[in-house]
Every structure is written in C-alpha cells, then in structure tokens.
Amino acid sequence: MAKSIEKCSIFKPVPILDNLDKAKETFTNNVLLYNDLPNFAEKDFNAALAFLKDYNGSKATLSTYRSTTERLLQWSWFINKKSIFENRRIDITQHIEFLQNPPVTWIGTSILPRFKNSNGSRVPNYKWRPFVVKVMKEQHRQQTQPNVKKYSPSPETIKGAFTALGSLYSFLIDEDYIDHNPVKSIKQKSKFFSTGSAYKPVQRITNLQWDLLVECLTRNALINPKKYARSKFLVILMLQTYARLSDLVTVRSEEPPKMNDFYRDSGGLWWVKFTGKGNKIREIPVSDTLLDALKEFRLYLGFTEYPSPNEQFPMLPTSTGKPITCEKTLRNVVQEAFDLTVIWMKNNNYESIDYENLLHASAHWLRHTSISEDIKHRPRDHVKEDAGHGSYLTTERYIESDRLEKHQSAISRDLTPSE
C-alpha cells in the first residue's frame with residue numbers, strides 16, 4: 001500500500017464525474033485520457049452515476065456525494081487497483097486514512113470546475129484537484145497564500161465521507177451489485193475523528209455586534225439606498241429566519257425565493273417559505289422586525305408595502321431585477337456589512353475585543369447567532385422546526401444555560417469564609 005501511495009504522489013488525477021446530465025458522454029469521450037484505466041472502470045462508473053442520480057433533487061447533498069464518490073473512484077482505480085465492488089473493510093479503512101492525508105499532487109488551492117467546454121466538447125480541467133486547502137478569512141485579508149502541505153480535513157469532512165460512502169454501498173446492495181456494506185463493517189469509526197468532550201463554542205457574533213451591524217446598515221441605507229437597502233434587508237432576513245445562504249439562491253430549489261414566498265394566512269399572520277436541506281419546505285413566522293424590513297425594502301424598489309399572492313419578483317434581486325443565483329454574491333454582501341461595522345467601531349474607539357471576532361465571521365454566523373438567542377426564550381421544538389434541524393441534538397448545541405449556571409456557581413470561589 002505504501003508503494004502505491006508513493007507512486008500516487010507523482011500522479012495528478014484527471015476528473016471523472018461531470019455534471020450528471022453530461023457525465024456519461026463526457027466519460028466516454030475522454031476515456032483515453034486516463035492512464036492505466038482498469039477494465040472494470042466502466043461498470044464502476046455506471047453504478048456510481050446511477051447512485052448519484054438518486055440525489056439529483058437535492059443539489060447540496062449531490063455536490064457532497066459526488067465529491068466523495070469521485071475520490072473513491074480515483075483511489076480505487078489508480079491506487080488500490082480494485083473495483084469499488086471489491087472493496088472490503090480494510091480497503092475502506094485505508095481509503096479514509098488516505099482522505100486524512102492525501103498526497104500534495106491531489107491538493108489544489110482553489111475550487112475549480114472538473115470539466116471545461118472546448119470546441120463544442122467537454123474536456124477535463126487539468127488544474128482541478130480532488131482536495132482543496134483553504135486559508136482563514138483573516139489570513140486571506142493579509143494575502144497569505146494557501147499551502148497544500150497544510151491540508152487537514154475537518155472531523156465533519158471525515159464524518160461526511162463515512163455517511164456518503166455508507167449510502168453508496170447501501171445502494172450497491174439494493175441494486176444487487178454486492179452483498180455486504182464494507183462501511184458498516186468498520187465498528188470504530190470514531191477513531192478517525194476527534195470525539196473529545198471539550199466545549200466547542202457556537203460561532204456567532206455578539207449582541208453588541210448584532211445591534212451595531214443593523215445600526216450601521218440602517219444609517220448607510222438612508223445615505224445610499226442603492227448600495228445598502230438590499231444589504232440591510234438581507235442581514236435582517238437572515239437574523240430573523242435562521243436562513244442559510246443556500247436557502248436564498250437556487251442550490252436546493254428550481255427557482256430562488258420570490259416576493260410571494262412572503263404570505264399572509266387566513267388569520268392575518270405573516271409567514272415566509274424556504275426550501276432547505278433535503279428539499280424540505282420550511283414555513284417560518286415573520287416577526288414585526290422582519291415585516292418592517294420587507295416593507296422598507298419593497299418601498300425602495302418602488303413596490304407596494306406587501307407582496308401579492310401572484311408576485312413573481314425575486315426576493316433578493318440584482319440591480320437589474322434578476323434573481324441572485326450565486327451564494328458568493330450574498331456572502332460578499334454580508335462580508336461588506338461586517339467590514340462596515342468593524343470600521344465604524346474602530347472609528348468610535350471601541351476596544352479590539354469588541355470587534356475582533358467580526359474579522360473572522362462568515363455569513364453563516366448570522367444563523368448561529370439568531371438560533372443561539374432564540375433558544376433562550378422560544379420553545380425548542382419551534383426553533384428546531386424553523387432552523388430545519390433534523391435532530392434535537394443539533395438544536396441543543398445552541399443551549400448555553402448549563403454553562404452559564406456552571407460559571408455562576410464558580411463565582412463563590414472568590415468569596416472568603418468571612419464573607
């Protein structure tokens with residue numbers, strides 16, 4: 001095995017799995033570009049493609065599963081020299097170990113498309129790599145370049161690989177390709193990721209930062225509504241609904257959210273509808289704060305205060321009125337809002353401790369922040385449903401009351417016996 005990995009350190013992978021609607025044709029047309037392609041490759045490929053097509057309705061899951069399947073095919077064919085049907089427990093164990101420490105020639109520094117269009121054909125992008133190393137946001141600000149030698153997958157990445165591989169092999173059993181699931185044969189999966197009990201704080205902004213973020217956007221929206229009216233609405237929308245960026249574009253639904261996804265029921269109550277993970281539709285109560293922000297944004301756009309049931313205008317439009325379809329666009333809007341707030345805090349003599357975590361914050365922190373606050377006073381099942389959590393265990397991660405009680409009980413240590 002060590003010899004194979006050493007050979008692999010020189011080998012640079014050629015992408016295998018194109019977008020599902022093009023994957024079969026692309027693979028067939030480019031089959032001669034793969035060195036040492038095994039004779040069982042086509043059968044493996046067809047089975048893997050059939051598996052992925054089962055997830056075509058959930059773009060986020062499909063993206064994760066395609067990456068995992070791609071890595072398995074690359075490793076099985078060119079390193080392990082086995083069909084994916086032949087993999088046993090020891091093979092999957094070695095594959096997971098490989099995922100934890102891939103050779104540098106398999107690691108890139110940016111996310112790139114697997115294939116490109118060239119003269120009417122789909123051809124491999126030879127700069128693509130199965131793994132990508134990233135730098136923290138603050139490092140990026142300082143123009144620190146990513147180093148492929150410092151790639152290290154998170155425990156969540158390894159857990160996700162186990163989940164995807166387990167689903168793949170369950171599919172192969174159901175389709176009568178194999179009669180056992182090698183992933184389920186691994187009894188101690190926890191050894192591949194840290195399971196310590198150390199407290200991991202929820203990544204969120206502080207209440208002070210929340211207030212100042214909205215204040216800065218409100219002030220700038222009055223001065224320059226063309227630039228900041230949408231920014232203010234987006235931030236309040238995310239804070240008031242626990243929305244993920246993927247809820248607000250076309251990652252999980254055929255169309256991005258429209259204005260009529262805000263609606264009033266027969267009792268006069270306002271709701272907003274999102275399509276989340278697993279294509280599950282969430283209907284979320286609209287707070288007075290969010291309803292006011294919606295009315296303000298719609299008036300800026302030149303509309304009536306409230307959307308009509310048939311209104312098809314995008315909830316988050318571009319300057320030309322088209323829907324925003326890319327998460328990166330929204331992420332940049334939120335990042336600019338964070339930067340704006342940090343600058344204002346610095347100019348108004350706030351201490352660095354009051355704003356330094358905003359330098360590292362991402363848009364997803366807004367979701368964490370609002371869940372963390374709401375769990376203090378809303379029923380847990382309401383928060384779970386609105387957040388789209390599949391398990392109460394996920395929701396309970398945001399509960400910090402036990403930690404607060406623990407800290408308060410320790411204050412007595414500061415008291416002397418005479419006190």
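Comments concerning unusual backbone geometry
With the exception of glycine, most residues fall at negative phi, and the peptide bonds are largely trans.
For step 1, the next point in the chain: Backbone geometry at Lys81 places phi at a positive 60°, although glycine is not the residue there.
For step 2, the next point in the chain: Within the secondary structure layout, Lys81 lies in the loop between α4 (59-78) and α5 (89-100).

Structural notes on the pairing of strand β6 (residues 270-275)
Residues in a regular strand point their side chains to alternate faces of the sheet.
For step 1, the next point in the chain: Here strand β5 (residues 262-264) pairs with β6 via three bridges, running antiparallel. Within β6, the position partnered with Tyr263 by the bridge is Trp271.
For step 2, the next point in the chain: Hairpin geometry of β5 and β6 is characterised by an intervening segment of five residues between the two adjacent antiparallel strands and by a positive phi of about 85° at Gly268.
For step 3, the next point in the chain: Pairing of β6 with strand β7 (residues 281-285) involves five bridges; the strand directions are antiparallel. Looking at β7, one finds that Phe274 is bridged to Arg282.

Description of the side chain of Asp386
For step 1, the next point in the chain: By the secondary structure assignment, Asp386 is in helix α14 (residues 380-387).
For step 2, the next point in the chain: Exposure remark for Asp386: the relative accessible area of 5% places this residue in the buried category.

Some details on the packing of aromatic side chains
For step 1, the next point in the chain: If you walk through the whole model with that rule in mind, you get 19 aromatic pairs.
For step 2, the next point in the chain: Taking 5.8 Å as the distance between ring centres and 40° as the angle between the ring planes, the aromatic pair formed by Phe27 and Tyr34 counts as tilted.
For step 3, the next point in the chain: Classification of Phe27 by relative accessible area gives buried; the value is 3%.
For step 4, the next point in the chain: With relative accessibility at 6%, the residue Tyr34 sits in the buried group.
For step 5, the next point in the chain: Ring geometry for Phe303 versus Phe313: centroids 4.8 Å apart, planes at 80°, classification edge-to-face. Of the two residues, Phe303 is situated in the loop between α10 (288-301) and α11 (327-347) and Phe313 in the loop between α10 and α11; the sequence distance between them amounts to 10 residues.
For step 6, the next point in the chain: Taken together, the ring pairs in this structure connect Phe27, Tyr34, Phe45, Trp77 and Phe78 into an aromatic cluster.

Looking at the nonpolar core
For step 1, the next point in the chain: In this structure, Phe233, Leu237, Leu248, Phe262 and Leu366 are the most contacted members of the largest nonpolar core, which totals 51 residues.
For step 2, the next point in the chain: Put simply, the parts of the chain that give this core at least two residues each are α8 (207-223), α9 (225-241), β6, α10, α11 and α13 (364-374).
For step 3, the next point in the chain: Here this core takes nine residues from α9, the largest share from any one element.
For step 4, the next point in the chain: In this structure Phe233 touches Phe262, Leu290, Ala293, Leu294, Phe297, Met315 and Leu316, once residues within four positions along its chain are discounted.
For step 5, the next point in the chain: Of all hydrophobic cores here, the second largest spans 48 residues; its members include Leu17, Leu20, Ala47 and Val183.

Description of the environment of Lys134
For step 1, the next point in the chain: Among the structural elements, Lys134 can be located in the loop between β4 (131-132) and α6 (137-141).
For step 2, the next point in the chain: The class of Lys134 is exposed, set by a relative accessible area of 64%.
For step 3, the next point in the chain: Counting along the chain gives 25 residues from Lys134 to Thr109, while the straight-line C-alpha distance between them is 6.6 Å.

Observations regarding the layout of surface pockets
Rolled over the atoms, a probe with the dimensions of a water molecule shows which regions are left empty.
For step 1, the next point in the chain: Approximately 290 Å³ is the volume found for the second largest pocket.
For step 2, the next point in the chain: In terms of lining, the second largest pocket is formed by 15 residues, of which the most central are Lys226, Tyr300, Pro317, Thr318 and Ser319.
For step 3, the next point in the chain: Secondary structure elements with two or more residues in the lining of the second largest pocket: α9, α10 and α11.
For step 4, the next point in the chain: Element by element, the count of residues in the lining of the second largest pocket is highest for α9, at four residues.
For step 5, the next point in the chain: For the lining of the second largest pocket, a count of residues per class yields six nonpolar, five polar and four charged.

Observations concerning α11
For step 1, the next point in the chain: Here α11 contains 21 residues, and its C-alpha end-to-end distance of 30 Å stays within 8% of the 30 Å for a straight helix at 1.5 Å per residue.
For step 2, the next point in the chain: All of the buried residues in α11 are Leu330, Val333, Val334, Gln335, Ala337, Phe338, Leu340, Thr341, Val342 and Met345.

Concerning the packing of α5 against helix α7 (residues 155-174)
For step 1, the next point in the chain: Running from N to C, α5 and α7 cross one another at 145°; their axes reach a closest spacing of 11 Å. α5 and α7 meet at a crossing whose hand is right-handed. For the pair α5 and α7, the contacting residues are Ile92, His95, Ile96, Leu99 and Gln100 in the first and Ile158, Ala161, Phe162, Leu165 and Tyr169 in the second.
For step 2, the next point in the chain: The residue inventory of the contact of α5 with α7, partitioned by class, reads eight nonpolar, two polar and no charged.

What to know about the packing of α8 against α11
For step 1, the next point in the chain: With their axes 9 Å apart at the nearest point, α8 and α11 run at an angle of 100° to one another. Judged on the interaxial angle alone, α11 and α8 are roughly perpendicular. Contact residues: Leu208, Leu212, Leu213, Cys216, Leu217, Arg219 and Asn220 in α8; Ala337, Phe338, Leu340, Thr341, Trp344 and Met345 in α11.
For step 2, the next point in the chain: For the contact of α8 with α11, a count of residues per class yields 10 nonpolar, two polar and one charged.

Looking at the sheet that holds β7
For step 1, the next point in the chain: Ordered by their spatial adjacency, three strands build an open sheet running β5-β6-β7, and the pairing between neighbours is antiparallel. This sheet does not close on itself; its edge strands, each paired only once, are β5 and β7. The average angle at which neighbouring strand axes cross in this sheet is 30°, direction not considered.
For step 2, the next point in the chain: Along the sheet face, α9 touches β5, β6 and β7 and points at about 90° away from the line of β6.

Cut-off values and rules
- Residues numbered from 1 in each chain as written.
- Predicted model: local features only at pLDDT ≥ 70, side-chain atom pairs only at ≥ 80, totals over all residues.
- Heavy atoms only, no water.
- Helix = DSSP H or I, 4+ residues; strand = E, 2+ residues; numbered from the N terminus.
- Pairing = 2+ DSSP bridges.
- Buried < 20%, exposed > 50% of the residue type's maximum accessible area, 1.4 Å probe, protein only.
- Phe/Tyr/Trp six-rings, centres within 6.5 Å; stacked < 30°, edge-to-face > 60°.
- Core = buried A, V, L, I, M, F, W, Y, C linked by side-chain atoms within 4.5 Å.
- Contact = heavy atoms within 4.5 Å.
- 1 Å grid on protein atoms, 1.4 Å probe; cavity = no way out; pocket = protein on both sides within 12 Å on 5 of 7 lines; lining within 4 Å.
- Points joined across faces, edges and corners; volume = space filled by probe spheres on them.
- Nonpolar A, V, L, I, M, F, W, Y, C, P; charged D, E, K, R; others polar.
- Expected span 1.5 Å × (residues − 1).
- Axes fitted to C-alpha atoms, helices over the stretch in contact; angles between N-to-C directions.
- Left-handed = near helix turned anticlockwise from the far one by under 90°.
- Parallel < 35°, antiparallel > 145°, perpendicular 65-115°, else oblique.

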